[in-house]
Every structure is written in C-alpha cells, then in structure tokens.
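The lines below spell out each chain.
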Amino acid sequence: MPKPNVAANNSSKPKRARNRAKPKKTKRKKSDAYLTPSWCVHRLLDVEELDLPRGRWLEPAAGPGRIINAINSRRKKDVKWDAVEFRKKCKDELVEAVGSLRRVVIGDFLSESLPSKHYDVIFTNPPFSFAMNFIEKCLPLADHVVMLLRLGFLGSARRADFFRQHPPDVYLLPDRPSFLKSGKTDNSYYAWCVWRQRNRAKGRFRVLSTTPQSERKAT
C-alpha cells in the first residue's frame, strides 16, 4: 500500500483564502479625473420635477468647475457654491467659478474639513474608484445629493443592501458621455442618481431627453 505524501499535505505555506474582501481604498490618484460635459448637467436640469432648492451647494470633486459652470449658466442667482478639488492646478478656475477663494478647498474631500456642516444640495461626478466612499459621506451632509454614476454601479451585489435601504431617483442619460478630449466614449451608460433626504423609502426611474450630437461635441 503506497504511503501518503506527508510533505504535500503539511505544506508550511498557508492556503490563500478564497473571495477575500479587498481592502478599502483610501488614497486617490491625481490622474483620477474625468471632466463632466455640460450637456449632461443640462439634461438633468431640464427636468421640472427635479425642483432642487436654492441655497448653499457643494461640489466635492469639482475639477476645474465644469459642473458648477453648467449649473451657473441656468441658475447662478440662487446658488451659493463651496467646492473641493484634489488637484492644485484647478484652484484658479474654481475660484473664478465659485466667486470666492474662501469657498474653495484644495484637498481630498474624504479627509478634508468642509466650509459648512450642512448643504442644501451636493452635486458631483465622483471619482469612480471612490464613488461609494463619496456617497456615504455626502448623504448625511445634504438634503439632496446628486451624483453621476455608471448605470452598472447600481447592479453590484456588494452594494445591493445599501441601495435597498437608500434607493435614489435614477435619471438615465440615453447618450453616452465622453469624459476625454478625444471625444471617445466607453461602453457604459450613465445616470444621475438623486437622493432626497425625506424620500428614501423608494426611488423612481426616468430616461432623460436625448442630446443632439452638435451640442455633445460643443461640450
């Protein structure tokens, strides 16, 4: 009768656990930046039922201020902005968009102190790798939270419990946006997710209007 292979059964190397949870990311890359086309913002603002309140708004991943400028072109008089951006080179453009150096924070939104403890609206396109971190920090800070997310982001099993407890209103962009200077798009569809502090028991789904190619190319 052959002897069992003891060496093989008693390897000194521990077996690697399967399906080990990945460590939570905490450091952002300065290259993790994709500029939001103005038309994406305008299609959401076209929705009358959206009814976002006036007051103090925050853009926590502001870049050079694309979203701020797009909103200012529609309702500059009733919105007072604070902005947070990771890259120092965006500071001057942000100060111009916001209108005050004191309301611009250069640093990581996930770790920086903010100019205010509460906002009427938070409106942003978060870095994809940290989207969940942004959502979790933003929801307690504002009555309305608006984020541009990949539609597939809502379909993750890891996030299923969260979205059951905090379902947003979902406004789908039927045209795929480009976040690159080349104008190329990826294979993902995107949607604006809107959380309302007083209406988290259910969410709605709506397909936004299409955008002419000429407008998409212009922004």
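Residues numbered from 1 in each chain as written. Predicted model: local features only at pLDDT ≥ 70, side-chain atom pairs only at ≥ 80, totals over all residues. Heavy atoms only, no water.

**Student:** Teacher, can you tell me more about the overall build of the protein chain here?
**Tutor:** From N to C terminus, the protein chain includes seven helices and eight strands. Out of the 219 residues in the protein chain, the part that is buried amounts to 47%. Here the contacts in the protein chain between residues at least 6 apart in sequence split such that 69% fall between residues at least 24 apart. Accessible surface for the protein chain amounts to roughly 13600 Å². Of this, 48% is attributable to carbon and sulfur atoms. (Helix = DSSP H or I, 4+ residues; strand = E, 2+ residues; numbered from the N terminus. Buried < 20%, exposed > 50% of the residue type's maximum accessible area, 1.4 Å probe, protein only. Contact = heavy atoms within 4.5 Å. Areas by Shrake-Rupley, 256 points an atom, 1.4 Å probe, with all protein chains shown as cover.)

**Student:** What's the story with the nonpolar core in this structure? I'm lost.
**Tutor:** In globular proteins that are soluble, nonpolar side chains generally tend to be buried together. Formed by 32 residues in total, the largest nonpolar core has its most connected members in Phe123 and Trp192. When contributions to this core are tallied by element, the ones reaching two or more residues are α2 (38-45), α3 (66-75), β2 (79-85), α4 (91-98), β4 (119-124), β5 (142-150) and β7 (190-196). For this core, the element with the highest residue contribution is α2, accounting for five residues. Grouped together as the second largest cluster of nonpolar side chains are 28 residues, Leu114, Leu141, Leu149 and Phe163 included. (Core = buried A, V, L, I, M, F, W, Y, C linked by side-chain atoms within 4.5 Å.)

**Student:** Help me understand the environment of Pro140, please; the structure alone is not making it clear to me.
**Tutor:** Looking at the element boundaries, Pro140 is found in the loop between α5 (131-138) and β5. Looking at Pro140, the relative accessible area reads 62%, which means it is exposed. Each C-alpha atom, one on Pro140 and one on Gln197, is 8.6 Å from the other, the two residues being 57 residues apart in sequence.

**Student:** Explain the packing of aromatic side chains to me, please; I cannot follow it from the model alone.
**Tutor:** By convention here, two paired aromatic rings are described through the distance between centres and the angle between planes. In the structure shown here, the tally under the stated rule is nine aromatic pairs. Grouped by ring-pair contacts, the aromatic residues Phe128, Phe153, Phe162, Phe163 and Trp195 constitute a single cluster. Residue placement shows Arg159 over the ring face of Phe153; its charged tip is 3.8 Å from the ring centre. (Phe/Tyr/Trp six-rings, centres within 6.5 Å; stacked < 30°, edge-to-face > 60°. Lys NZ or Arg CZ within 6 Å of the ring centre and 35° of its normal.)

**Student:** I keep staring at the sheet that holds β7 and nothing clicks. Help me out?
**Tutor:** Think of a sheet as strands paired side by side through backbone hydrogen bonds, with each pair either parallel or antiparallel. An order of β3-β2-β1-β4-β5-β7-β6-β8 is seen for the eight strands of this open sheet, with the pairing classed as mixed. Both edges of this open sheet fall to β3 (104-106) and β8 (205-207), since each of them pairs with a single strand only. Recorded for the sheet is a direction-independent mean angle of 15° between the axes of neighbouring strands. Note: β2 against β3, three bridges, orientation parallel. Following the sheet pairing, Val84 is matched in β3 by Val105. Where α5 meets the sheet, its contacts fall on β4, β5 and β7, and the angle it forms with β5 comes to roughly 170°. (Pairing = 2+ DSSP bridges. Axes fitted to C-alpha atoms, helices over the stretch in contact; angles between N-to-C directions.)

**Student:** I would appreciate a short explanation of the environment of Met132 in the present structure.
**Tutor:** Mapped onto the secondary structure, Met132 falls in helix α5. Here the alpha-carbon distance between Met132 and Phe162, two residues 30 residues apart in the chain, equals 9.9 Å. Excluding anything up to four places from it in sequence, Met132 contacts Phe153, Arg159 and Phe162.

**Student:** When you look at the pairing of strand β1 (residues 55-59) in this model, what are you seeing that I'm missing?
**Tutor:** Consecutive side chains along a regular strand alternate between the two faces of the sheet. Bridging between β1 and β2 involves five bridges; their strand directions are parallel. The residue bridging Gly55 from the neighbouring strand is Val79, located in β2. Handedness of the β1-α3-β2 crossover: right-handed. Note: β1 against β4, two bridges, orientation parallel. Of the residues in β4, the one forming a bridge with Leu58 is Ile122. (Right-handed = clockwise from strand over helix to strand, strands pointing away.)

**Student:** Would you mind showing me how to read the side chain of Arg75 here?
**Tutor:** Here Arg75 is to be found in helix α3. On the accessibility criterion, Arg75 (18% relative accessible area) is buried. Of note is the side chain of Arg75, whose polar atom sits 3.0 Å from the backbone oxygen of Leu52. Apart from residues lying up to four places away in sequence, Arg75 is in contact with Leu52, Pro53, Arg54 and Trp57. (Polar contact = N/O pair within 3.5 Å; in protein donor to acceptor, adjacent residues only side chain to side chain.)

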